[in-house]
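Architecture and fold: a report
What follows is the residue order along each chain.
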Amino acid sequence: MGRLMTLATCSLNQWAMDFTGNKTRIIESIKRAKAAGATLRVGPELEITGYGCLDHFLEGDLFLHSWEMLGQIMEDPVCQDIVCDVGMPVRHRNVRYNCRVIFYNKKILLIRPKQFLANDGNYREMRYFTPWSKERYTEDYYLEETVGKITGQRIVPFGDAIISTRDTAFAAETCEELFTSNAPHIHQGLNGCEIFTNSSGSHFEIRKIMTRLTLMTEATRLSKGIYLYANQKGCDGDRLYYDGCSMIIVNGKCVAQGSQFGLDDVEVVTATVDIEEVRSARFAPSRGLQAQNQPAYPRIEADVALSEPKTGPSPLDRGPSEPVTIRAHSPPEEIALCPALWLWDYLRRVGSAGFFIPLSGGIDSCATSVIVFSMCRLVHQAIHSDKTHPATKAQVIADCRKLCAKGDDWLPSSPQEISGALFHTCFMGSINSSADTRRRAKLLAKDIGAYHTDMNIDTIVDALTKLFTTVTSFTPRFKVHGGTPAENLALQNIQARIRMVVAYLWAQLLPTVRQRPNGGSLLVLGSANVDEQLRGYLTKYDCSSADINPIGGISKTDLKAFIAYAAKAFDLPILEEFLSATPTAELEPITETYVQSDEADMGMTYAELSVFGRLRKVHKLGPWGMYERLLYSWGKPVPDEKPDAAAGAQPSTTEQQQSTPAAHESPETAHAILPRGLSPREIRDKVLRFFHFFQINRHKATILPPGLHLEEYSPEDNRFDLRPFLYPSIWASWSAKKIDAHVERLEKSTEDKKIGGETA
Ligand SMILES: Nc1ncnc2c1ncn2[C@@H]1O[C@H](COP(=O)(O)OP(=O)(O)OC[C@H]2O[C@@H]([n+]3cccc(C(=O)O)c3)[C@H](O)[C@@H]2O)[C@@H](O)[C@H]1O
Ligand SMILES: Nc1ncnc2c1ncn2[C@@H]1O[C@H](COP(=O)(O)OP(=O)(O)OP(=O)(O)O)[C@@H](O)[C@H]1O
Ligand SMILES: NC(=O)CC[C@H](N)C(=O)O
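Residues numbered from 1 in each chain as written. Chains lettered and ligands numbered in written order. Predicted model: local features only at pLDDT ≥ 70, side-chain atom pairs only at ≥ 80, totals over all residues. Heavy atoms only, no water.

For the protein, the name recorded in an unreviewed UniProt entry is Glutamine-dependent NAD(+) synthetase, with Neophaeococcomyces mojaviensis as its organism.

**Structural notes on the pairing of strand E11 (residues 226–231)**
Of all the six residues making up E11, six are buried; the element is thus mostly covered by neighbouring parts of the structure. Burial along E11 is two-sided: Ile226, Leu228 and Ala230 facing one way and Tyr227, Tyr229 and Asn231 facing the other are all buried. Inspection of the sheet shows strand E10 (residues 195–200) paired to E11 by six bridges, in the parallel sense. Across the sheet, the residue bridging to Thr197 is Leu228, located in E11. Once you follow E10 into helix H6 (residues 209–223) and on to E11, the crossover reads as right-handed. (Buried < 20%, exposed > 50% of the residue type's maximum accessible area, 1.4 Å probe, protein only. Helix = DSSP H or I, 4+ residues; strand = E, 2+ residues; numbered from the N terminus. Pairing = 2+ DSSP bridges. Right-handed = clockwise from strand over helix to strand, strands pointing away.)

**Brief notes about the sheet that holds strand E9 (residues 169–174)**
An order of E15-E14-E11-E10-E9-E8-E17 is seen for the seven strands of this open sheet, with the pairing classed as mixed. Edge positions in the sheet fall to strand E15 (253–257) and strand E17 (299–301), since each has one partner strand and no second. On average, adjacent strands in this sheet sit at an angle of 25° to one another, irrespective of strand direction. By the bridge criterion, five bridges tie E9 to E10 in an arrangement that is parallel. Opposite Thr174, over in E10, you have Ser199 as the bridge partner. (Axes fitted to C-alpha atoms, helices over the stretch in contact; angles between N-to-C directions.)

**Side note on the site of ligand 3**
In the neighbourhood of ligand 3, the contacting residues comprise Glu45, Tyr51, Lys114, Ala118, Tyr123, Glu125, Cys175, Glu176, Phe179, Gly201, Ser202 and Lys208. In this structure, Glu176 approaches ligand 3 through a side-chain N or O atom, which is 2.6 Å from a nitrogen atom. Interatomic distance of 3.0 Å between a backbone N/O atom of Gly201 and a nitrogen atom of ligand 3. Looking at the shell around ligand 3 residue by residue, the classes come out as five nonpolar, two polar and five charged. (Near = heavy atom within 4 Å. Polar contact = N/O pair within 3.5 Å; in protein donor to acceptor, adjacent residues only side chain to side chain. Nonpolar A, V, L, I, M, F, W, Y, C, P; charged D, E, K, R; others polar.)

**So, the pattern of salt bridges**
As a working rule, side chains carrying opposite charge can pair if their charged atoms are close by. Within the structure shown, the criterion is met by 39 salt bridges. Among the salt bridges present, the one from Asp558 reaches Arg207, with a minimum N-O distance of 2.8 Å. You can see Asp558 sitting in helix H18 (residues 556–569) and its partner Arg207 sitting in the loop between E10 and H6, a full 351 residues away along the chain. A salt bridge links Glu267 to Lys233; the shortest N-O distance between them is 3.0 Å. Here Lys233 lies in strand E12 (residues 233–234) and Glu267 lies in strand E16 (residues 266–274), a separation of 34 residues in the sequence. Each member of the pair Glu267 and Lys233 is classed as buried. (Salt bridge = Lys/Arg side-chain N within 4 Å of Asp/Glu carboxyl O.)

**Details of the packing of aromatic side chains**
All chains considered together, the criterion is met by 22 aromatic pairs. Seen in terms of ring centroids, Phe57 and Phe129 are 5.0 Å apart; in terms of plane orientation they differ by 55°. Their pairing is tilted. Linking Phe57 in the loop between strand E2 (40–42) and helix H2 (60–75) with Phe129 in the loop between helix H3 (125–128) and strand E6 (138–142), this pair joins segments that are 72 residues apart in sequence. Among the residues examined, Phe129 registers a relative accessible area of 4% and is labelled buried. Judged by centre distance (5.3 Å) and plane angle (75°), the rings of Phe204 and Phe261 are edge-to-face. Here Phe261 lies in the loop between E15 and E16 and Phe204 lies in the loop between E10 and H6, a separation of 57 residues in the sequence. Taken individually, Phe204 and Phe261 each receive the classification buried, so the pair is uniform in this respect. Pairwise contacts between aromatic rings join Phe612, Trp634, Phe690, Phe691, Phe694 and Tyr727 into one cluster. Its end group placed over the ring of Phe578, Arg440 keeps NZ or CZ at 5.4 Å from the ring centre. We note Lys738 situated over the ring of Trp624; from NZ or CZ to the ring centre the distance is 4.6 Å. (Phe/Tyr/Trp six-rings, centres within 6.5 Å; stacked < 30°, edge-to-face > 60°. Lys NZ or Arg CZ within 6 Å of the ring centre and 35° of its normal.)

**Brief notes about the nonpolar core**
Within the largest apolar cluster, 65 residues are counted, with the highest numbers of intra-cluster contacts made by Leu343, Phe355, Val370, Met375, Leu444, Phe562 and Leu575. A total of 13 residues in this core trace back to one element, the largest contributor, which is helix H11 (residues 363–384). Residue contacts for Leu343: discarding those within four places in its chain leaves Phe355, Ile371, Val372, Met375, Leu525, Ile548 and Pro550. Judged by nonpolar contacts, the second largest core, of 48 residues, contains Cys10, Cys84, Trp132 and Val156. (Core = buried A, V, L, I, M, F, W, Y, C linked by side-chain atoms within 4.5 Å. Contact = heavy atoms within 4.5 Å.)

**Brief notes about unusual backbone geometry**
We note that Asp81 has phi near 60°; this positive angle belongs to a residue other than glycine. As for its placement among the helices and strands, Asp81 is situated in the loop between H2 and strand E3 (83–92). On the basis of relative accessibility, which here comes to 26%, the residue Asp81 falls in the partly exposed class. Notably, Lys620 is not glycine yet its phi reads approximately 55°, a positive angle. Lys620 gets classed as exposed once you look at its relative accessible area, which sits at 66%.

**Comments concerning empty space enclosed by the protein**
Where empty space is left becomes clear once a probe the size of a water molecule has been rolled over the atoms. Under the definition given, this model contains two cavities of 30 Å³ or more. As for the largest cavity, its lining consists of 15 residues, of which Gln533, Gly552, Pro705, Gly707 and Glu716 are closest to the centre. For the lining of the largest cavity, the per-class residue count stands at five nonpolar, seven polar and three charged. (1 Å grid on protein atoms, 1.4 Å probe; cavity = no way out; pocket = protein on both sides within 12 Å on 5 of 7 lines; lining within 4 Å. Points joined across faces, edges and corners; volume = space filled by probe spheres on them.)

**Quick word on the site of ligand 1**
If you check the shell around ligand 1, you find 15 residues, and the closest are Arg497, Thr539, Lys540, Asp542 and Lys700. Note that an oxygen atom of ligand 1 is positioned 3.2 Å from one of the side-chain N or O atoms of Asn493. One of the side-chain N or O atoms of His699 is found 3.2 Å from a nitrogen atom in ligand 1. For ligand 1, whose free accessible area comes to 850 Å², the fraction covered by protein is 61%. Contributions of two or more residues to the shell around ligand 1 are made by helix H16 (485–513) and helix H26 (698–701). Taken together, the residues of the shell around ligand 1 sort by class into six nonpolar, four polar and five charged. (Areas by Shrake-Rupley, 256 points an atom, 1.4 Å probe, with all protein chains shown as cover.)

**A word on the pairing of strand E1 (residues 4–12)**
When you tally the buried positions in E1, you get nine out of nine residues, the bulk of the element. Here E1 shows two buried faces, one formed by Leu4, Thr6, Ala8, Cys10 and Leu12 and the other by Met5, Leu7, Thr9 and Ser11. Pairing analysis gives nine bridges linking E1 to E16, with the strands arranged antiparallel. Its bridge partner lying in E16, Leu4 is registered against Asp274. Traced from E1 through helix H1 (residues 19–35) to E2, the parallel crossover comes out right-handed.

**Comments concerning the side chain of Arg616**
Relative to the helices and strands, Arg616 resides in helix H21 (residues 606–618). Given a relative accessible area of 3%, Arg616 falls into the buried group. Sequence-distant contacts of Arg616, defined by excluding residues within four places in its chain, comprise Leu534, Leu621, Met626, Phe690, Phe694, Tyr713, Ser714, Pro715, Asp721 and Arg723.

**Points about the sheet that holds strand E21 (residues 451–456)**
One open sheet holds the four strands; their spatial order is E21-E20-E19-E22, and the pairing between them is parallel. Bordering the open sheet on either side are E21 and strand E22 (523–524), each of which pairs with just one other strand. Direction of pairing for strand E19 (residues 355–358) relative to strand E20 (residues 423–429): parallel, over a ladder of four bridges. Opposite Phe355, over in E20, you have Phe423 as the bridge partner.

Written as structure tokens, this is what we have:
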């Protein structure tokens, strides 16, 4: 037997419940793996159904269709002479499992159920599946007739086992299992398993990628071995974006890495590995002793040699693949890529006539628009680049022509041309809007090629307030004109809400006005950022109520860093003007002494909000815990770090060796100015104020439009951050009493020390 073998992993843009589309992409990946001489191919988790089927995993149809698709894959002539590891759900003795089906030449070798399910954050696998708890044990699985008649098998092994080929041994680990402290690959490795396959449904979050990549390199640095990682890619019908980045790692060194973001529906990554390198690396006697004392795994015999491909180039001709430097994008690049690709998947799957956004001249709707422009840039690039895979190019051209309603010989000559066909922006001014914001909105729309309209909504605002006055004989006034807070708010909120109604009217009719063949309507984009959502600094049912929100999971600080990056990378100098403008809602009259400003209105800064958000969600702290924590950091007298590391200044790609925390650290420490030297009472006030607004506004989180999940401190109420929306008052709470007592104790001891010092 040879020592070199070519192995393949892949990222597939699967779509939940798209059985035939998913099957076609699986077969295509197997075809490309074989063409590269691979003898083992692993695909993403639950790839036959798509990872995000949620409660459909409870339906019998889904299991039936999964077997039907598997049968078609196993029968396909393309799928012979290669060992395939395919992900799908399986019911065994009336229990549902998240499984891998490993087959070779029309025979199922093993069905391997996931042992440690993902059940935190966005994941709820325990709702659909039961973890397999019988370690190193297999049972008989009675095969479905649809597949049994193809394989000629009635019973196949189901459980936790290692597959022995004629030249090596491999075993499967599934996604979350890698993230656990007692991961299966540790025991499989000590049992002589040399290749680990990991099929994943792992979603993107800003700054998450290095965690995942480091886990894999560290796993094989310790256990030694070859790690074949496959991950789903794209929007599969939900708020998540799966970020591919399939890779092959040998003893802690990456030898092949797929892209994290891209327009390829199928991306196959292959490498030729020397299996002897694993054996040599496992020389340590200390490991030997641990290996000897491992309980044994059942072995499944597979009559195949991975070092002897029947088709494609020989591994001897390719030679072992050299280590490559792991690539990771900087946070602004992540923002330029991930939401843009999520939007493209969403749009081509809905098939609507494009997007509409109310563009205010502020940062948030500007950033959302630049993300749409980034989408147009990526599509344009894929169409014109020589590096695009021919199948991807054909798919992108077909999608682009269809969405832009163009003929068969049309190709976009610029990103702006795509934007002009698909993207619609609208400034809806009121008497409180400034000429600056109106001008900025217009210039941005022009530079990114969007179809822009500009109007005033005052006549509608006046009509509604007059109606109110006619019925009640009461004329509401702004605060600056002597009105009460209630009047002031009502007059602001009516402007905001009218904009939402206007947005939907425009979105419905603009395609008709522009004489788009078959009309259609536009998807309305929302642009409330993660911090505003956390604080509830938005009007319920205004423009924050849209169809989807690409920036719903991005903090204000990250958005600003993205805009700074895009100004240069996308050659949009107008963005500098957005960065230097003071964020303002422009809902109140501007006077000589008063201009509305977000941070003053909110009673806290965006930088502080990022800290509150992170401590609340990621560190899981309540009011008391947050107060205690901030006593140390915000109570410190002298700043101990320079707030100058704007993420926009990061290099375009981060090399593995250089990926220090600076490249991936949290925004509040990377580029935000935070308080220092505060007294306990000031910290108490800030913490309680934050919880006050979070709690009284939590009801708004229940109706926010679906936003792409991008941030680990997202307050998203439907899937990620499950909380009540009716809270008792924070001011009268036990937490507040405990904090107050502590503040008083600290103040008294400071006072006592002062008096002691004076009398001494
Ligand atoms: N516990 C609860 N459960 C369910 N619903 C609840 C509720 N409490 C109030 N509500 C409802 O929510 C309403 C209060 O929420 P809402 O109408 O949003 O009103 P509200 O939060 O009072 O005002 C909106 C805030 O957003 C600010 N803002 C800033 C920047 C931009 C914009 C903008 O719009 O562009 C707005 C504005 O200055 C103001 O502070 C109540 O009238 C009531 O109908
Ligand atoms: N004059 C306007 N014209 C069009 N849309 C507007 C206007 N003012 C506000 N909007 C819409 O309402 C949303 C919420 O308004 P708000 O003033 O809270 O802005 P924001 O959330 O800070 O966003 P931005 O930074 O885009 O102004 C905006 O993102 C925008 O989509
Ligand atoms: N599907 C999974 O098991 C994914 C879970 C894993 N913790 C992740 O975020 O990537």
